[in-house]
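# Structural features, examined
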Amino acid sequence: MEKDNIIRRENNDATVIPSIQWFPGHMAKTRRLMEKSLRLVDIVVELRDARIPDSSSNPEIRKIVGNKTRAILLNKSDMADDAKTKIWCDYYKQQGIPVLAVDCRSGKGLKAFPAFIQSALTDLIARRKAKGMAGRPIRMMIVGVPNVGKSSLINRLAGGRKTKVEDRPGVTRAEQWVKVAGGMELLDMPGVLWPKFEDPLVGENLALTGAVKDDILDVEALAMRLLERLRELYPAEVRARFGLTEEELAAGSGYDVLTCVGKKRGMLLPGGAINTERAAIAVLDEFRGGQIGRITLELPKGGRR
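The residue numbering used here restarts from 1 in each chain and proceeds along that chain's sequence as written. Whole-chain, interface and lining totals are the exception, using all residues; otherwise, since this is a predicted model, local features are given only for residues with pLDDT of at least 70 and side-chain atom pairs are given and counted only at 80 or more. As a rule here, side-chain values come from all non-hydrogen atoms in the structure, and water together with hydrogens is ignored.

### Some remarks on the packing of helix 7 (residues 200-209) against helix 8 (residues 219-233)
Axis lines are fitted through C-alpha atoms, for helices just across the contact stretch, and the angle between N-to-C directions can take any value from 0 to 180 degrees. Think of it this way: any DSSP run of H or I at least four residues long counts as a helix, any run of E at least two long counts as a strand, and we number them from the N terminus. Interhelical geometry of helix 7 versus helix 8 gives an angle of 100° and a closest axis separation of 11 Å. Here helix 7 is positioned roughly perpendicular relative to helix 8, judged by the angle of their axes. On helix 8, the residues that touch Leu 201, Glu 204, Asn 205, Ala 207 and Leu 208 of helix 7 are Leu 222, Arg 225, Leu 226 and Arg 229. Angles are sorted into four bins: roughly parallel if under 35 degrees, roughly antiparallel if over 145, roughly perpendicular if 65 to 115, and oblique for all others. Contacts were defined at the residue level, with two residues in contact if any of their heavy atoms lie within 4.5 Å.

Shown next, in the form of structure tokens:
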């Protein structure tokens, strides 16, 4: 992890977030395991965060998968902006990539998953049927960045808690085969990031949504940056959630908005100073939990598939 000094500006300038680079050793091991296991599966299903579909797309996965059939699940769609999720789905469909918006925790959208996979593998299924292999299980690899919901997906499809789920990146450490209904077998892979984020905004988005551990970040600067972005994208939702006036949200930098949030919530230190760290944790937790509103931080820009 590389983290420069955070610059907190108490004027109208934007909060500066350092370039985030984080690539633990177990992620390099996962990449090698993925390469080795690819020949065992018929399709690669990549989970992405519907709030940041581009930023949660791992370029290492695309390199490894190559020409193998793949599909995209936009998870956490219940916390994303519906209209923008539709834009993303249309974007991938135009490129011939099967895509399905789901929420793995509630199970929303997952009833369509078996038919979705069968449609993506129409040609393969037809070839197997012609060879008398119609009953052969469909085997798929489930991949994605940390904390995107792979374990929740598998638990839902398997009808129970078949793999450990925690709301922390990096919990799933080893590959797991799981049999599910519909003649399918799933290979769960540990979450994997990549060695270098070429676009600093990618690292920022991953940090905001919890794919990078908070204990290696400056949560106050991260919350300031989030508030600055949300007041441009979703000002009404921010005002409603934190009880801010238009003037309070618009005035000053992310630091000013964060201190205002802390004051409104009564988050004070001895002596009356605002506890900005506590306020920052609340802002990030409530964003990640979908409590501020249904929010999407990016739209397609002709970038990564």
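### What to know about unusual backbone geometry
One non-glycine residue, Lys 76, adopts positive backbone phi at about 60°. On the secondary structure map, Lys 76 appears in the loop between strand 2 (70-75) and helix 3 (82-94). Its relative accessible area of 11% is what places Lys 76 among the buried residues. The backbone of Asn 147 shows a phi angle near 65°, a positive value even though the residue is not glycine. When accessible area is computed with a 1.4 Å probe and restricted to protein chains, residues below 20% of their type maximum are described as buried, those above 50% as exposed, and intermediate ones as partly exposed.

### What to know about the environment of Leu 40
By the secondary structure assignment, Leu 40 is in the loop between helix 1 (25-37) and strand 1 (43-49). For Leu 40, a relative accessible area of 34% translates into the label partly exposed. Setting aside its immediate chain neighbours within four residues, Leu 40 contacts Arg 139 and Trp 177.

### Section: the environment of Leu 157
Mapping Leu 157 onto the fold places it in helix 6 (residues 150-158). A relative accessible area of 16% places Leu 157 in the buried class. Sequence separation between Leu 157 and Ala 181 is 24 residues; the distance between their C-alpha atoms is 7.3 Å.

### What to know about the pairing of strand 1
Extensive coverage of strand 1 is indicated by the burial of seven of its seven residues. Neither face of strand 1 is open: one carries Ile 43, Val 45, Leu 47 and Asp 49, the other Val 44, Glu 46 and Arg 48, and all of them are buried. Any two strands are treated as partners once DSSP identifies two or more bridges connecting them. Relative to strand 4 (residues 138-143), strand 1 is paired through four bridges, and the arrangement is parallel. The residue bridging Val 44 from the neighbouring strand is Met 141, located in strand 4. Pairing of strand 1 with strand 2, which is carried by six bridges, proceeds in the parallel orientation. If you follow Arg 48 over to strand 2, its bridge partner there is Leu 74. Between strand 1 and its parallel partner strand 2, the chain crosses via helix 2 (residues 59-65), and the hand of that crossover is right-handed. When the strands point away from the viewer, a crossover counts as right-handed if the path from the first strand over the helix to the second runs clockwise.

### Considerations on helix 4 (residues 113-120)
Turning to helix 4, its buried residues number three or more, namely Phe 113, Phe 116 and Ile 117. The arc that holds every buried residue of helix 4, seen down its axis, measures 95°, which confines them to one face. Looking at the packing, one finds that the buried side of helix 4 touches strand 1, strand 2, strand 3 (99-101), strand 4, helix 6 and strand 6 (184-188). Here, the arc refers to the directions that run from the helix axis to the C-beta atoms.

### Overview of the pattern of salt bridges
Criterion for a salt bridge: a side-chain nitrogen of Lys or Arg within 4 Å of a carboxyl oxygen of Asp or Glu. Per the counting criterion, the structure on display carries 13 salt bridges. The residue Glu 46 makes a salt bridge to Arg 48 at a minimum N-O spacing of 3.3 Å. By the burial criterion, Glu 46 is buried, and Arg 48 matches it. When the shortest N-O distance is used, the salt bridge between Lys 264 and Glu 248 registers 3.3 Å. Within this pair, whereas Lys 264 is found in helix 11 (residues 254-264), its partner Glu 248 is found in helix 10 (residues 246-250), the two being separated by 16 residues in sequence. Residue Glu 248 is classed as partly exposed on the basis of its relative accessible area, which comes to 25%. Taken together, the salt bridges that share partners define one network made up of Glu 204, Arg 225, Glu 228 and Arg 229.

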